[in-house]
Structure formats: C-alpha cells, structure tokens
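# What the coordinates show
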Amino acid sequence: MSAKSAINKEVFTPQDEKMLVAVQVKRRTKKKIPFLATGGQGDYVTYICLSVTNKKPSQVSITKVKQFEGSSSFVRRSQWSIDQLRQVNGIDPNRDCPEFDLMFDNAFDQWVAGSAGEKCTFVQVLHHTCQRHSTDRKPEFVNCQSKLLGGNSILHSAADSVSSAVQKASQALNERGERLGRVEEKTGDMMNSAQQFADTAHKLAMKHKC
C-alpha cells in the first residue's frame, strides 16, 4: 500500500472523510521549533492533504499529516477549513517547479514538493475544489501556470487523448472501407468481364454447333 493510500485509510476514513489529493513536502525555510515542541520524536515526513467529508453538506479541509522516523503510522497535525485559505502561490507561472506557498488566516508556509508533478497535481485539484466548495471569498491563486487553473485539465487531457484515439480509429476504418470498396468494385468488374467472356464463349459454341 502506498503512503498516500495508507494516509487515507488511517487518518481520513475513520473520520468519515475522503482524501482528494496529497503532496509530500519539505519546508523551504526551516522554522526554529523547541525540542520539547516536537516531543523529541526526531525526523519526520510531512504531507499536505486535501479532504472532503462524506456527509452533506460537504466540508473541505487542508490537513498537515506527519510520519515520524521509525513509525509506520501517520499523525494528523494542523488543519484548516478551505474557507481559511487565503492564497496559493505557485512561485513561477512559466514553468513546472516544485515550490509553492500556502497562506491561511493564521498561518503561512513555504513548501517544496517531492516533485514538480506532485505540486502541479495538488494545486490543480485544490483550485478545482475551491471553485466547487468555497462558500466565502475564494482564495487567490497567484504565479500559477494557466494549465492548472483551467478546470480539471487532467480529465480534459485524458478526454482529448480518447477523442484523438477515436478519431484516428475512425479515419483508419474509413480508409479501410475505401480500400474494401475499391476491392469490391474491382471484383465486380472482374465478375462482369468473366460473365461477358462466358456469354461470348457460349455464343461461339452455339454458332459452331449450328
């Protein structure tokens, strides 16, 4: 089971929630946290998760989940409602990059994702979810690539791929149909020629009999 599947199963499913997306992150600038504040648990891996309640009306949350070194379990840490999110900064609107910032009413974090692809997927799903579920002022998305803000482009890309495949298949069938049509036409001509030859041969045979 992948880490993200395990997070959904351990952290969100028991709370009757469904995780929509998660991204593994590290801070770009480390905060100075007293040793006692961390519980002396050492190094850890951090995930930023977006989840929604199964119960209607849907409540969407952004949750910081940690897995401490030497432990197989995941721990829910900070959590914000989607309405507390004020700004998502994609850092660079011209290229894929793993860095992004999240600004809430009472917090500001600068992150770097495990990969640019992970960050892009997270930002895209977050934007799509905000458009659907934010009840108050929608958060501002700045310095984000336009492909991430144009709706669910992952689905659009998949749909485009399917549409392209169908179009190519249809074209191939049409070309095959044209070839079959030409073959049938040639076969018909050959049959006509053969019939004409048979008729001529029959007439000649009858003539010689006479």
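Anyway, here's the lowdown on the structure attached to this text. These numbers were taken from a predicted model, which means no experiment stands behind them.

## Let's talk about the packing of aromatic side chains
Counted according to the given criterion, the structure contains four aromatic pairs. Considering the side-chain rings of tyrosine 44 and phenylalanine 68, the 5.5 Å spacing of their centres and the 65° angle between planes classify their relative orientation as edge-to-face. Taken together, the residues span a long stretch of sequence, with tyrosine 44 in strand S2 (residues 44-53) and phenylalanine 68 in strand S3 (residues 60-68) at a distance of 24 residues. Look at tyrosine 44 and you get partly exposed, because its relative accessible area is 33%. Residue classification places phenylalanine 68 among the buried residues on the basis of a relative accessible area of 7%.

## Quick word on the pairing of strand S5 (residues 85-89)
Sheet topology note: the S5/strand S6 (residues 99-104) ladder contains four bridges and is antiparallel. Among the inter-strand pairings, valine 88 is bridged to a residue of S6, identified as leucine 102.

## Concerning the pattern of salt bridges
Going through the model one piece at a time under the given rule, you end up with eight salt bridges. Its salt-bridge partner being aspartate 105, residue arginine 86 comes within 2.9 Å of it at the nearest N-O pair. In this pair, arginine 86 is assigned in strand S5 and aspartate 105 in the loop between S6 and strand S7 (108-113), connecting sequence segments 19 residues apart. Judged by relative accessible area, arginine 86 falls into the partly exposed class, the value being 23%. Residue aspartate 105 is classed as partly exposed on the basis of its relative accessible area, which comes to 48%. One continuous salt-bridge network, built from bridges that share partners, spans Arg27, Lys64 and Asp109.

Calculation rules
Residues numbered from 1 in each chain as written. Predicted model: local features only at pLDDT ≥ 70, side-chain atom pairs only at ≥ 80, totals over all residues. Heavy atoms only, no water. Phe/Tyr/Trp six-rings, centres within 6.5 Å; stacked < 30°, edge-to-face > 60°. Helix = DSSP H or I, 4+ residues; strand = E, 2+ residues; numbered from the N terminus. Buried < 20%, exposed > 50% of the residue type's maximum accessible area, 1.4 Å probe, protein only. Pairing = 2+ DSSP bridges. Salt bridge = Lys/Arg side-chain N within 4 Å of Asp/Glu carboxyl O.

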